[in-house]
Amino acid sequence: MKHCMYSTNVAQINVQIDERQYFPGESFHGNVVFRPKKTNFKALGIYITFNGVEYCDWGYDGEPLEGHVLNNGRKELVLFEETHTLWGVEFGTPKASGQNKVMAIEDHVYPFQFEIPRSAPPTVSFNNNRCYVKYNLNISVLTNKFMGQAKIE
């Protein structure tokens, strides 16, 4: 089991997934362990996003490749993206329609599962890592004041 620990100013986040190679069409699952750092921590929701992104940097300042957007000097193309609600207000619901919920200072365990799209390319890198495909898990915490994130690559 692979553990990725992140500490933010509001919480300790531990993402646990089986450490093995996955292939297109397969499902993977794990747990997000969320532990607030403050008494009476209030949030609207906790979300997990799985995406695949192609990055390309050919070392020139020309126009991005078709379909890509320019981000910090790299060309990016989001191949797919899927978000699940782990806790709280359903993802995509306007903030104004939700109320903050209080979380105790203890470990809150949220299981998740995603399927890798059959059309997903392998994680690859070429041309001295100037072009590559990467898969990410992002954990987001939404409150009335901010949206915090932790990224697992």
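Further up the page is the structure itself.
Structure report, in brief. Here the structure is a predicted model, which means the values were calculated and not measured.

Cut-offs and rules
Residues numbered from 1 in each chain as written. Predicted model: local features only at pLDDT ≥ 70, side-chain atom pairs only at ≥ 80, totals over all residues. Heavy atoms only, no water. Helix = DSSP H or I, 4+ residues; strand = E, 2+ residues; numbered from the N terminus. Buried < 20%, exposed > 50% of the residue type's maximum accessible area, 1.4 Å probe, protein only. Contact = heavy atoms within 4.5 Å. Areas by Shrake-Rupley, 256 points an atom, 1.4 Å probe, with all protein chains shown as cover. Phe/Tyr/Trp six-rings, centres within 6.5 Å; stacked < 30°, edge-to-face > 60°. Core = buried A, V, L, I, M, F, W, Y, C linked by side-chain atoms within 4.5 Å.

## Comments concerning the overall build of the chain
Part 1 of the argument: Broken down by element type, the chain carries zero helices and twelve strands.
Part 2 of the argument: For the chain, the succession of helices and strands along the chain, N to C, is β-β-β-β-β-β-β-β-β-β-β-β.
Part 3 of the argument: Looking at the chain residue by residue over its 153 residues, the buried ones come to 39%.
Part 4 of the argument: When contacts within the chain are restricted to residue pairs at least 6 apart in sequence, long-range pairs at least 24 apart make up 66% of them.
Part 5 of the argument: Of the roughly 9000 Å² that the chain leaves accessible, carbon and sulfur atoms contribute 48%.

## Describing the packing of aromatic side chains
Part 1 of the argument: By the definition in use, this model includes twelve aromatic pairs.
Part 2 of the argument: When the centroid spacing of 5.6 Å and the interplanar angle of 55 degrees are considered together, the rings of Tyr 22 and Phe 28 count as tilted. One exposure class covers both Tyr 22 and Phe 28, and it is buried.
Part 3 of the argument: Between Phe 28 and Phe 112 the ring centres are 6.3 Å apart and the planes differ by 80 degrees, which places this aromatic pair in the edge-to-face class. Placement of the pair is Phe 28 in strand 3 (residues 27-36) and Phe 112 in strand 9 (residues 108-115), with a sequence separation of 84 residues.

## What to know about unusual backbone geometry
Part 1 of the argument: Not every positive phi belongs to a glycine, and Asn 40 is a case in point at roughly 55 degrees.
Part 2 of the argument: When you line up the elements, Asn 40 lands in the loop between strand 3 and strand 4 (41-43).
Part 3 of the argument: Given a relative accessible area of 53%, Asn 40 falls into the exposed group.

## Digging into the nonpolar core
Part 1 of the argument: In this structure, Phe 34, Ile 46, Phe 112 and Leu 137 are the most contacted members of the largest nonpolar core, which totals 28 residues.
Part 2 of the argument: Elements supplying a minimum of two residues to this core: strand 2 (11-17), strand 3, strand 4, strand 5 (45-56), strand 7 (74-88), strand 9 and strand 11 (131-142).
Part 3 of the argument: The element best represented in this core is strand 11, accounting for five residues.

## Observations concerning the environment of Leu 137
Part 1 of the argument: Checked against the element boundaries, Leu 137 lands in strand 11.
Part 2 of the argument: Taking relative accessible area as the criterion, Leu 137 reaches 5% and is therefore assigned buried.
Part 3 of the argument: Spatially, the C-alpha atoms of Leu 137 and Phe 50 are 4.7 Å apart, while their sequence positions differ by 87 residues.

## Some remarks on the environment of Phe 80
Part 1 of the argument: As for its placement among the helices and strands, Phe 80 is situated in strand 7.
Part 2 of the argument: It is 9.6 Å that separates the C-alpha atoms of Phe 80 and Tyr 135, two residues lying 55 residues apart in sequence.
Part 3 of the argument: Look past the residues within four positions of Phe 80 in its chain and what remains in contact with it is Phe 50, Asn 51, Gly 52, Pro 117, Ala 120 and Tyr 135.

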